[in-house]
Amino acid sequence: MGSKEITYQKIYEENYSKVMRLCMGYTVGDESLAKDLTQETFIKVWQNLDGFRNESGLSTWIYRICVNTCLAEIRRARKKDKNLQIDNLQVSDSVDNATEKEDMLVRLYECINKLTSTNKAIILLELEGLPQLEISEIMGIKHEAIRTRIHRIKQQLTKCVHNE
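Residues numbered from 1 in each chain as written. Predicted model: local features only at pLDDT ≥ 70, side-chain atom pairs only at ≥ 80, totals over all residues. Heavy atoms only, no water.

J.: Looking at this structure, I do not really get the overall build of the protein chain. What am I missing?
T.: Secondary structure assignment for the protein chain yields seven helices and zero strands. Secondary structure elements of the protein chain occur, N-terminal to C-terminal, as α-α-α-α-α-α-α. Considering the protein chain as a whole, with its 164 residues, one finds that 37% of them fall into the buried category. As presented, the protein chain carries roughly 9,900 Å² of accessible surface, and 49% of it is formed by carbon and sulfur atoms. (Helix = DSSP H or I, 4+ residues; strand = E, 2+ residues; numbered from the N terminus. Buried < 20%, exposed > 50% of the residue type's maximum accessible area, 1.4 Å probe, protein only. Areas by Shrake-Rupley, 256 points an atom, 1.4 Å probe, with all protein chains shown as cover.)

Below, the structure is given as structure tokens:
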């Protein structure tokens, strides 16, 4: 194996689960599609590795590729399927048991799926625990604007999850 292969292998191992989680958020739990998008992301990482210039951190660069790959898929799917049917789940405020928690999570992802593709990308990165400064780099949006947007998105999601 050459040094590029070794570098790539390390990048793949260190970032696979993060990229997969992000893709799962985009595909609303469609695991096989998420796996395809994850593979596609890493194919692009491999193809562009020589061009990576270290201007941003490596994981920021990989997230950017992942976000763009997932956004392209969402746009493609939206053209195909104009009306998304979403079952309304009633979510109670007191979430005790595991099933209710699961339902709430499903509901959250359904609500996330209703967001514009940019807002969806922002909140998925936020849920992934990325610093807002890094999110602003990935998205190419000013840090201050990202902070305001995340606040608004969270309000929107809370209303959506509780069917307000």
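J.: In this structure, what is going on with the pattern of salt bridges? I would like to understand it.
T.: The final tally for this structure, using the stated rule, is eight salt bridges. With its nearest N and O atoms 3.5 Å apart, the salt bridge here joins Lys35 to Glu31. With Lys35 and Glu31 both in helix H2 (residues 31-48), this residue pair falls four residues apart, about one helical turn. Glu31 gets classed as partly exposed once you look at its relative accessible area, which sits at 43%. Glu126 is the partner of Lys154 in a salt bridge, and the nearest nitrogen-oxygen pair spans 3.0 Å. You can see Lys154 sitting in helix H7 (residues 143-161) and its partner Glu126 sitting in helix H5 (residues 117-127), a full 28 residues away along the chain. In this structure Lys154 comes out as partly exposed when scored by relative accessible area, which is 42%. (Salt bridge = Lys/Arg side-chain N within 4 Å of Asp/Glu carboxyl O.)

J.: Teacher, can you tell me more about helix H6 (residues 132-139) here?
T.: Two residues of an α-helix separated by three or four positions point the same way, owing to the 3.6 residues in each turn. For H6, the set of buried residues is Glu134, Ile135, Ser136, Ile138 and Met139. A positive phi of about 70 degrees marks Gly140, the residue just after H6.

J.: What exactly am I supposed to notice about the state of the cysteines here?
T.: A disulfide bridge is the covalent bond that connects two cysteines by way of their sulfur atoms. Within the structure shown, the criterion is met by one disulfide. In this model, Cys111 is linked to Cys160 through a disulfide, with the two sulfur atoms separated by 2.0 Å. Between Cys111 and Cys160 the sulfur-sulfur dihedral comes to about -85 degrees; the bridge is accordingly left-handed. Here Cys111, found in helix H4 (residues 98-114), pairs with Cys160, found in helix H7; they are 49 residues apart in sequence, far enough to count as distant. With relative accessibility at 16%, the residue Cys160 sits in the buried group. The thiol sulfur of Cys23 is not disulfide-bonded, and the nearest other cysteine sulfur, from Cys70, lies at 3.5 Å. Here Cys23 falls in the buried class, since its relative accessible area comes to 0%. The cysteine Cys66 is free of any disulfide, with Cys23 supplying the nearest cysteine sulfur at 3.7 Å. (Disulfide = S-S within 2.5 Å.)

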